[in-house]
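# Results of the structural survey
Here is what each chain is made of, one letter per residue.
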Amino acid sequence: MGTDANYERPAGSPAASVVHSLHERKETLATVESLTGGLLSASIVEIAGVSGVFRGGLVVYATELKSELAGVPEDLLAERGPVDPDVAAALAEGGRRRCGADWGLATTGVAGPEPQDGKPVGLVYVAAAGPGGRGEVRELRLDGGRDHVRSAAVIEALRLLAEQIHAAAQADEAQSADEADGAERAGAGQR
């Protein structure tokens, strides 16, 4: 695994952490990749036991495939281009739906060596979409060469997903506690 946005090697494997968390929650994942071209999926499938978690992935390098395969609205792509936070969100949600997964994780951006459609090299958006409309997009401004931009995008996408899974787990725990508290109050009222 490469280095993250700060040129630091992450402790442990971000992919292993995500796979473990999803396995514990009995949830599944799909990926949609543009600039990472399969690198994100490859980092996930390296993890033993991933088959119960990873549904599959789409590599939609060509702009029209973002619409055709991942379901990104054509008018959004025409208006803003492929490197956009709303496009990243649509990629994640589209991959989630198209692959029948609980979570979708997407990457889009400019790896270089040249700017694209007025967007600078190193501008990357990673997005996670989850159950119940949960989702988030993160903008990254990465420097370095093409390989670093791509590998850092993978690490940062996995970190974003890990944070979203953690937030979902906390929300689930809070809901369970509220339900238990409500049931306890209802039981006390029946005495």
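Cis geometry is adopted by the peptide bond preceding Pro 113, which originates at Gly 112 and carries an omega value of 15 degrees. Of note, Lys 26 is a non-glycine position whose phi angle comes to about 55 degrees, a positive value. The residue Lys 26 is located in the loop between α1 (14–25) and β1 (29–33) in this model. Unlike most non-glycine residues, Asp 117 shows phi in positive territory, near 50 degrees.

By size, the foremost hydrophobic cluster in this structure holds 30 residues, and its most contacted members are Leu 29, Ile 44, Leu 105, Val 124, Leu 158 and Leu 161. Ranked by residue count, the leading element in this core is helix α6 (residues 146–189), at 10 residues. Not counting the four nearest positions on each side in its chain, Leu 161 is found in contact with Val 18, Leu 29, Trp 103, Leu 105 and Ala 128. Judged by nonpolar contacts, the second largest core, of 19 residues, contains Leu 58, Val 72, Leu 123 and Ala 129.

Attention shifts here to helix α5 (residues 85–98). For α5, spanning 14 residues, the distance from its first C-alpha to its last is 20 Å, which sits close to the expected 20 Å at 1.5 Å a residue. Among the residues of α5, Val 87, Ala 88, Ala 90, Leu 91, Ala 92, Gly 94, Gly 95 and Arg 96 are the ones counted as buried. In this fold, the buried residues of α5 make contact with β1, α3 (63–68), α4 (74–80), β3 (103–109), β4 (123–129) and β5 (135–141). The backbone nitrogen of Asp 86 lies 2.8 Å from a side-chain oxygen of the residue at the head of α5, namely Asp 84. Once α5 finishes, Gly 100 follows within two positions and takes phi at roughly 65 degrees, a positive value.

Turning next to the environment of Gly 118. Tracing the backbone shows Gly 118 in the loop between β3 and β4. On the basis of relative accessible area, Gly 118 is assigned to the exposed category, the value being 74%. Separated by 14 residues in sequence, Gly 118 and Gly 104 place their C-alpha atoms 27 Å apart.

It is worth spelling out a negative patch on the surface at this point. There is a patch of like negative charges on the surface, built from Glu 64, Glu 68, Glu 74 and Asp 75. Sorting the residues of the negative patch by element identifies α3 and α4 as the ones contributing at least two each. Mapping Glu 68 onto the fold places it in helix α3. Judged by its relative accessible area of 53%, Glu 68 is exposed.

What counts as what
Residues numbered from 1 in each chain as written. Predicted model: local features only at pLDDT ≥ 70, side-chain atom pairs only at ≥ 80, totals over all residues. Heavy atoms only, no water. Helix = DSSP H or I, 4+ residues; strand = E, 2+ residues; numbered from the N terminus. Core = buried A, V, L, I, M, F, W, Y, C linked by side-chain atoms within 4.5 Å. Buried < 20%, exposed > 50% of the residue type's maximum accessible area, 1.4 Å probe, protein only. Contact = heavy atoms within 4.5 Å. Expected span 1.5 Å × (residues − 1). Polar contact = N/O pair within 3.5 Å; in protein donor to acceptor, adjacent residues only side chain to side chain. Patch = residues over 30% accessible without salt bridge, like charges linked within 9 Å, V, L, I, M, F, W, Y side chains within 5 Å. Areas by Shrake-Rupley, 256 points an atom, 1.4 Å probe, with all protein chains shown as cover. Salt bridge = Lys/Arg side-chain N within 4 Å of Asp/Glu carboxyl O. Lys, Arg positive; Asp, Glu negative; His and termini not counted. Charge placed at Lys NZ, Arg CZ, Asp CG, Glu CD.

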